[in-house]
Amino acid sequence: KITHFGFQEVPVEEKAHKVAEVFHSVASRYDLMNDLMSLGIHRLWKRFVIELSGVRPGMRVLDLAGGTGDLVKVFADRVGNKGQVVLADINSSMLEKGRERLTNLGKVGNLSYVQANAENLPFPANYFDRITIAFGLRNVTQKETALHSMYQTLKPGGQLLVLEFSKPAPWLAPAYDAYSFWALPRIGKWVTGDAESYRYLVESIRRHPDQETLCTLMQSAGFDYCDFHNLSQGIVALHRGYKY
Ligand code: SAM
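S.K.: How would you explain the overall build of the protein if you had to name every residue and give the values?
M.R.: Broken down by element type, the protein carries 9 helices and 7 strands. Its C-alpha atoms give the protein a radius of gyration of 17 Å, near enough to 18 Å, the size a compact globule of 244 residues would have. Reported as C-alpha extents along the three principal axes, the dimensions of the protein are approximately 50 × 40 × 35 Å. Put simply, the protein has 244 residues, and 53% of those count as buried. Nonlocal contacts in the protein, meaning residues at least 24 apart in sequence, comprise 72% of its contacts between residues at least 6 apart. Of the roughly 11500 Å² of accessible surface on the protein, 55% is carried by carbon and sulfur atoms. Counting 28 positive and 25 negative side-chain charges, the protein places the averaged centre of each group 5 Å from the other.

Take a look at the structure:
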C-alpha cells in the first residue's frame, strides 16, 4: 500500500509489532543511547519544548509516548501540587523505566503513569491544557487517528507540541544521511548489541512527514492553526497546534 506521502507503507500490525520489539529491546539503555546518538543535543531540543509549552502551576499536562520521562521530570515541577502530569506510553518496558527513574528522582504526587496507545487515548474529552509528544509520533502507525485523539483530549484553549525528526536543510543532507545510515546502526550495535533497532529508527525518520506535511495533518485532525520551528537546521522540528 502506498500512502499519500508516497512512501511504501509497512502493514499496520507489522509496524506496531516492530515498534514494540524495538522499544522493549532498547528500554534499559535508551537514555545513554539518546545522549550518544544526538551528542547530548536532544536535551536542548527538549528544553525548547519546555520553554515554548508555557506550562504553569495548576495545569494538566499529558506527555504522550513519554518514555523515560525527560519532559515529565520538568513539567512535574512546573505544574506544582495543584496541577497534574500524566506520562503515557504504549510500551510497558519504557513506561516502567520512566516510572523507576522519576520515582528515584523524588517526582511523586502530581504524576501518574498510563499505558496507552496514542491512537486511542483513554482520557476524557477536553481534559488537558497541554499535550506533548517528543520523538513519538513517527512510531505511531496511524498518525491521523492519533492526532485526532489528541485533539479530542485537549481543552479548548489548549496546545499540542510535537517534537520530531524532520527534513534537514538540503546542504546538510549528505552528511546527515551518512551519519544516519552508516554511524547510527553501528553505535546502536556497539552499545546495545542491536543494530536492527537502530536501522528501524533511521527508516522511521526517513518516512516521517516533513514540516509542511505535518502541519497539514495537524490541521486536518482539527487543530485550528499550526506553526513550527526548525531546530538544528531542520534535523528536528517543533510543531505547535492550537484548539480554540
Ligand atoms: N518521549 C521520549 C523522549 O523524547 O525521550 C521517548 C521517545 S522514544 C523515541 C518513542 C516512544 O514512543 C517509545 O517509548 C515508544 O514506546 C512510544 N510509542 C510508540 N508508539 C506509540 C503509540 N502508538 N502510542 C504511545 N506511545 C508510543
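Still more ground to cover, so stick around.
S.K.: Lay out the side chain of Asn91 in plain terms, naming residues and giving numbers.
M.R.: Examined against the element boundaries, Asn91 turns out to sit in the loop between strand S2 (84-89) and helix H5 (92-104). Among the polar contacts made by the side chain of Asn91, one reaches the main-chain amide nitrogen of Met94 at a distance of 3.1 Å.

S.K.: Hey, could you go over the site of the ligand for me, with residue numbers and the actual values?
M.R.: Around the ligand, 19 residues are found, and the nearest of them are Ala65, Asp89, Asn117, Ala118 and Ala134. Taking Ile90, its main chain carries an N or O atom lying 3.3 Å from a nitrogen atom of the ligand. One of the backbone N or O atoms of Ala118 is found 2.9 Å from a nitrogen atom in the ligand. Expressed as a share of its isolated accessible area of 600 Å², the protein-covered part of the ligand is 97%. Elements with a contribution of two residues or more to the shell around the ligand: helix H1 (12-26) and helix H2 (30-38).

S.K.: Kindly report on a nonpolar patch on the surface, identifying the contributing residues and their values.
M.R.: Where nonpolar side chains cluster on the molecular surface, the patch consists of Leu32, Leu36 and Trp190 and spans about 340 Å² of accessible area. Relative to the assigned elements, Leu32 resides in helix H2.

S.K.: An account of the pattern of salt bridges is requested, with residue identities and associated values reported.
M.R.: Following the criterion strictly, the structure yields 16 salt bridges and no others. Two residues, Arg47 and Glu51, come together in a salt bridge whose shortest N-O distance is 3.3 Å. Of the two residues, Arg47 and Glu51 both sit in helix H3 (residues 42-53), 4 residues apart, roughly one turn of that helix. Residue class for Glu51 comes out partly exposed when judged on its relative accessible area of 46%.

Criteria and thresholds
- Position numbers for residues count from 1 along each chain, tracking the sequence in the order it is written.
- Where local features are concerned, this predicted model is filtered to residues with pLDDT of at least 70; where side-chain atom pairs are given and counted, the filter is 80 or more; whole-chain, interface and lining totals use all residues.
- Computation of side-chain values covers all heavy atoms of the structure but excludes hydrogens and water.
- Where helices and strands are cited, they refer to DSSP runs of H or I of at least four residues and of E of at least two residues respectively, numbered from the N terminus.
- Note that the radius of gyration is over C-alpha atoms, with the globule rule given as 2.2 Å times the number of residues to the power 0.38.
- Classification of residues uses two cut-offs on accessible area relative to the type maximum, computed with a 1.4 Å probe and protein chains only: under 20% is buried, over 50% is exposed, and between them is partly exposed.
- By definition in these notes, contact holds between two residues if any of their heavy atoms fall within 4.5 Å.
- Per-residue and other accessible areas were derived by the Shrake-Rupley procedure at a 1.4 Å probe size, with only the shown protein chains allowed to occlude residues.
- A residue counts as positive if it is Lys or Arg and as negative if it is Asp or Glu; His and the chain ends are not included.
- Where a charge sits is defined by one atom per residue type, namely NZ (Lys), CZ (Arg), CG (Asp) or CD (Glu).
- Pairing of N or O atoms within 3.5 Å defines a polar contact, subject to two protein rules: one partner must be a possible hydrogen donor and the other a possible acceptor, and residues neighboring in sequence count only if both atoms are side-chain atoms.
- To be near a molecule or strand, a residue needs just one of its heavy atoms within 4 Å of it.
- Patch definition: residues with relative accessible area over 30% and no salt bridge; like charges joined within 9 Å; nonpolar side chains (Val, Leu, Ile, Met, Phe, Trp, Tyr) joined within 5 Å.
- Whenever a carboxyl oxygen of Asp or Glu lies within 4 Å of a side-chain nitrogen of Lys or Arg, that contact is scored as a salt bridge.

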